[in-house]
Amino acid sequence: MTLGSDVSGMTTTAASAAAKGLSIVVPVYNEAAGLASLHQRICDLARTLRQRYRLSCEVVYVDDGSADATLSIARGLPADAIDVQVVSLSRNFGKEAALMAGLDHARLGAVMFMDGDGQHPPALVEQLVRHWIDDGYDVVYTAKAHRDNETFLRRLAVHGFYALINWGARQKIPEDAGDFRLLSPRAVAALRQLPERNRFFKGLASWIGFRQIRVDYEPAPRSHGVTTFNAARLLGLSIEGLTSFSVAPLRFASLLGVVLAGGAFLFGLSILWEVWTTGKQVPGYPSLVVGLMTIGGVQLIMIGIVGEYIGKILSELKARPIYFVAEHSEKHFETDKADD
Ligand code: UDP
Ligand code: MG
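None of these values were measured; they are calculated from a predicted model.

## Quick notes on the pairing of strand E3 (residues 83-89)
Then, in step 1: Where burial is concerned, most of E3 is hidden: 6 out of the 7 residues are buried.
Then, in step 2: By the bridge criterion, 6 bridges tie strand E2 (residues 56-63) to E3 in an arrangement that is parallel. The residue bridging Asp 63 from the neighbouring strand is Ser 88, located in E3.
Then, in step 3: Taken together, E2, helix H3 (residues 70-76) and E3 form a β-α-β motif whose crossover is right-handed.

Here is the structure:
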C-alpha cells in the first residue's frame, strides 16, 4: 500500500488544461419536467465555452433510478455542441452515489458537478471556468450567498453541524458550500483515488487540498417539482458526513465523560463536606435517581455514536460497489459541424 499519492504529473498549466475539456456531471432523479430546458442551457453554455476558451465539453446525465420519464427524455437529448452520455443506475442509490458514477464516466479531464433541477445556473459556470483556466484554481466551489430564506432553527442546525465536523480538523469543510463545483484534472485524479464507499463529496473535495476558491451565488428556485432532501434525509446525510469525516463525536463523548465524572467527584466531595461539618445525613433519593438517569442516558447516546462508526466500518469492510450501471448510452457531437 502506498502512503501518499502523486497526482502532480497530471495537467498543471492552464493552457494544456484548456486543450482537454470539461465534463459536466448532472445527477437526475425524477427531473423529467425540466431536463430538456436544462439541456438547452447547457448546450448554449458549451457553445460559449468552446468559442471563448477553446474548451470541449461533454455532459454526463446520471439517472439515479428515476420513476418518471427522465431516462427516456435524457436518451433523446441531442448532442448539440456537446457530447452527451447517459448513465442509468440500476436503482435509486442517492445523490452521492450518482455523483460518483458521473465522476467515473467523465472523460474530459476537468469535472463540474451541477444539479439537474435548474438551481445551479449554467450562466455561472463561465465564471467558475475562468477561475480554473485563467487563475489556475483546482477546486472552484460555490456557496450560498446567504440563508435569509431559511428558518432560524435550520440555520442553527447547519451552523452546529459545521462547528462539530470542523472541530479540530486540519482541513476545514467550508460552511454553506454546495455540490455545485468545478474540479481541475489533478483534483479529479485525486478524488478518484479515494477508496472509501461512504462518500461525502463536499468534505472529500475540500480534504484533497490543492488551490481552492469560493464563489458566492444565489441558488435559483427549483425549475419544477420539490426537493428530495427533507429533514430526515438531511439528518442522515449529516450523520454520514460527520462519521465519515471526523472523530469529533467520539472526542465529544470522551470529553462529556470527563466532565460528568469530574462533576460527580465534586458532588461527592461536597456531600462528604456537608456530613462532616453539619453531622447530618444528606437526603439522597432524588439526586440518586437523577444521577442514574443522567449516566444511563449519556451512556446510551455514546453507545449509539460508537455504533454509527462500527456501522461505517462494516459497510467499508463489505466493500460493495457504490452503484450499478443498468444502461449506458452516448452521442457524439461532430466538431466539423460546429460553429459558424
Ligand atoms: N438527486 C439524485 N438522487 C437522489 C436525490 C436527488 O440524483 O436520490 C439529484 C436531483 O435530481 C438533483 C440533485 O440531486 O439534481 C439535488 O436534489 P434536490 O434538488 O432534491 O436537493 P436540494 O437542491 O434541495 O439540495
Ligand atoms: Mg435542488
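## Brief notes about the domain arrangement of the protein
Then, in step 1: Assigned domains within the protein: domain 1 (14-245 + 322-338) and domain 2 (247-318).
Then, in step 2: Averaged C-alpha coordinates put domain 1 and domain 2 at centres separated by 43 Å.
Then, in step 3: Across the boundary between the two partners, domain 1 contributes 11 residues, which contact 8 residues of domain 2.
Then, in step 4: The dominant element in the side of domain 1 that touches domain 2, judged by the number of residues it contributes, is helix H9 (residues 231-245), at 4 residues.

## Description of the UniProt feature "transmembrane region" (unreviewed entry) in the protein
Then, in step 1: Annotation from UniProt places "transmembrane region" (unreviewed entry) at residues 252-273 and 285-310.
Then, in step 2: Within the segment residues 285-310, helix and strand shares are 100% and 0% respectively, and the terminal C-alpha atoms sit 37 Å apart.

## Digging into the sheet that holds strand E1 (residues 21-28)
Sheet strands associate in pairs through backbone hydrogen bonding, adopting either a parallel or an antiparallel arrangement.
Then, in step 1: Ordered by their spatial adjacency, 8 strands build an open sheet running E7-E5-E6-E4-E1-E2-E3-E8, and the pairing between neighbours is mixed. Edge positions in the sheet fall to strand E7 (212-217) and strand E8 (325-331), since each has one partner strand and no second. Each adjacent strand pair in this sheet contributes to an overall mean axis angle of 20 degrees, direction not counted.
Then, in step 2: Summarising the sheet, E1 and E2 pair through 8 bridges and their orientation is parallel. Its bridge partner lying in E2, Gly 21 is registered against Ser 56.
Then, in step 3: Together, E1, E2, E3, strand E4 (110-113), strand E6 (177-183) and E8 form the strand contacts of helix H4 (residues 95-105), whose direction differs from that of E1 by roughly 150 degrees.

Reading the values: rules and limits
- Residues numbered from 1 in each chain as written.
- Chains lettered and ligands numbered in written order.
- Predicted model: local features only at pLDDT ≥ 70, side-chain atom pairs only at ≥ 80, totals over all residues.
- Buried ≥ 20, exposed ≤ 12 C-beta atoms within 10 Å, placed from the backbone.
- Helix = DSSP H or I, 4+ residues; strand = E, 2+ residues; numbered from the N terminus.
- Pairing = 2+ DSSP bridges.
- Right-handed = clockwise from strand over helix to strand, strands pointing away.
- Domains from an automatic or database assignment.
- Contact = placed C-beta atoms within 7 Å.
- UniProt positions renumbered as here; feature names shortened; annotations may be inferred.
- Axes fitted to C-alpha atoms, helices over the stretch in contact; angles between N-to-C directions.

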